[in-house]
Structure formats: structure tokens, C-alpha cells
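Below, each chain spelled out in residue letters.
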Amino acid sequence: MIKLISIFAAAASLAAASLALPAWANAGTVLDKVLATKTLKVAVGTDWGKLSFLNDKHELDGFGVEVSKRIAQRLGAQVQFVTPSWDVIAAGKWEGRWDMTIQMTPTNARAEKFDFPVEYFWAPTIAIVHKDSKATKLSDLDGKVVGVAANTDSAFYVNHKLTPDWKGAKPIQYQFMPGEVKTYESTNVAFDDLRLGDGLRLDAVVTDKTMALDAIEAGYPLKLLGGNLYSSPGAIAIEPGDKEFSSRIAAAIKDMNDDGTLSKLSTKWYGVDYTVEQ
């Protein structure tokens, strides 16, 4: 009888304890790991413009880096950055090597491999040419050689295969037809080819406007051509299956939106509030 009472008492104690636990106590696998290790692993690039880059101290810095640190703080964790190639990030099947990445356009095709807890950034895409280029309008790129980073929305755009299926997407107008599309491991490598001279290796590069402006600011002999080709949202991306983790990330971004942190960080890094659609 004493043993039976002890079992009942233990069960009652366990039930009471579970009621007292915070909402994330029964978290999914990823959030459990983050909370247990107090570490949020974030995949970023070392050459993603002001989103994430290596500064003069050879430390990761930038808008997305700061946003990641603040998400980690709101989870009671420290951030740990890893730097796989974009192709590896976009392929999915991370298998616990990292927990999230800081920016990905949330298309339906990608939604088959990822969850997108929240959109927090709007990135205009533009064409950039050498400063000596005689092109004055986007249609002047018809039949030309255009460079893009592989497996990006810019690459889909120049190949006329971009499907604007994110929330609130507007129809896309293709404003030129390249004669050849060259793909690169990163946009910066494409810039290096374009800077060699007009038409020497490339006639133009299509990329995120923020990265194009960074290149010009860094002294590359380039200039923007025409206006925005399109604008797409940037979302935090995680692997599917952990709704609690997704909810906590969305809540962290909402907090930063509500208190003005996101807007201030965007203005700090870009001089423009890219947290609203451009």
C-alpha cells in the first residue's frame, strides 16, 4: 500500500511540475537542443555584403549577424556561426549541422525543404554594369553575357524561370533576354569578372541591390543599370518539423519589429529601412 501511495504521489508531483513548466518545455528537437546547449547555430556567408561579411578584425559582422545575435539572446542562448557555401545551405538536409540561416526567399519550391518562421527583410534586385558600359537601359542587355550567383533568385530571373510565389508577390516582368548566363559560386566572384572591363568576361551582373551598392562603395568601377527588376522578401529559414522553434523565432523578430530594433539595424547597415517592402 505504501508503495502504491508513493507511485501516486510521484505521478501527481510530475503532473504538477509539468504544469509549472514554461511553454517551451515540450519543445521540438531543434529547440530542445538550442535550450539545452544554450547555443544557436546559424549558417551565414562571409561575403554576403552587409548582410554578413568578415570585418577588419576577421570577425563576422553585418545586419543579418546582428539580427541572429538578438534572436539567440531572446532564446537565452549564444550564437555560433558556421559558413557553408550557399549551395549547401539551399540544398537542405542540414542534419543538425546548423539550426537556421538568416535570409532566403520563401518560394513554394523551397517550402518543400524548409520552414520560414518569418519574413523580415525586402531585397530589391537590380542589374549592374561596368562604368564604361554603353548600355543605358535594361533592354540593352538583350543577347549579352550576364553573371549571377548559382541557385539564387537572380539566377532564376535571368533564366526567365523565377516564380514569384511568396506572400503578396507581384507579377514579374522580364526586361531583357541574355545571350548567355554565367553562374558563379558567389556574387563577389562575378563582380571580379565584371570589374575587368565592359564585355571582357561579362556585360552585367544581376544581384541584390545592397550587394551591388557595396561593390560600388568598395571602389569597383561599376554602375547600376535601370531600376529594380523585382523585390522579394528575405525570411529566416529552418528545417521543417519543429513548430515550437519556428514560433520562438517568429516571436523574437516580432519583438524586434515592435521595439524598432529591426528598422534601426537596417538603417545602420544600409542607410535604408529594408524591413518594409521597397
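Residues numbered from 1 in each chain as written. Predicted model: local features only at pLDDT ≥ 70, side-chain atom pairs only at ≥ 80, totals over all residues. Heavy atoms only, no water.

Peer 1: Help me understand the overall build of the protein in this model?
Peer 2: Across its full length, the protein carries 10 helices and 10 strands. Across the 278 residues in the protein, those meeting the buried criterion constitute 47%. Across the protein, the fraction of contacts at a sequence separation of at least 24, relative to all contacts at a separation of at least 6, is 73%. When the accessible surface of the protein is totalled, it reaches about 13800 Å², and 53% of it is carbon and sulfur. (Helix = DSSP H or I, 4+ residues; strand = E, 2+ residues; numbered from the N terminus. Buried < 20%, exposed > 50% of the residue type's maximum accessible area, 1.4 Å probe, protein only. Contact = heavy atoms within 4.5 Å. Areas by Shrake-Rupley, 256 points an atom, 1.4 Å probe, with all protein chains shown as cover.)

Peer 1: Got a minute to help me understand unusual backbone geometry in this structure?
Peer 2: Excluding glycine, a negative phi dihedral is what most residues carry, and trans is how most peptide bonds are arranged. Phi is positive for lysine 38, close to 55°, though the residue is something other than glycine. With respect to the element layout, lysine 38 can be found in the loop between helix H2 (29-37) and strand S1 (39-43). One non-glycine residue, histidine 160, adopts positive backbone phi at about 55°.

Peer 1: Looking at this structure, I do not really get the layout of surface pockets. What am I missing?
Peer 2: In this structure, the largest pocket encloses a volume near 760 Å³. Residue assignment for the lining of the largest pocket shows that the elements contributing at least two residues are helix H4 (86-91), strand S5 (100-104), strand S6 (115-130), helix H6 (153-158), strand S9 (204-208), helix H8 (209-217) and strand S10 (222-238). Considering each element in turn, the lining of the largest pocket owes the most residues, 4 residues, to S10. (1 Å grid on protein atoms, 1.4 Å probe; cavity = no way out; pocket = protein on both sides within 12 Å on 5 of 7 lines; lining within 4 Å. Points joined across faces, edges and corners; volume = space filled by probe spheres on them.)

Peer 1: Where do I start with the environment of alanine 169 in this structure?
Peer 2: Residue placement: alanine 169 occurs in the loop between H6 and strand S8 (180-184). Among the residues examined, alanine 169 registers a relative accessible area of 25% and is labelled partly exposed. With 64 residues separating them in the primary sequence, alanine 169 and proline 233 have C-alpha atoms 9.0 Å apart.

Peer 1: Where do I start with helix H3 (residues 63-74) in this structure?
Peer 2: Because an α-helix completes one turn every 3.6 residues, residues spaced three or four positions apart along the sequence face the same direction. A rise of 1.5 Å per residue sets the reference length of H3, with its 12 residues, at 16 Å; its end C-alpha atoms lie 17 Å apart and thus fit the reference within 8%. Inspection of H3 places Phe63, Gly64, Val65, Glu66, Val67, Ser68, Ile71 and Ala72 among the buried residues, and these make up the whole buried set. Just beyond H3, the residue with positive phi is glycine 76, at close to 70°. (Expected span 1.5 Å × (residues − 1).)

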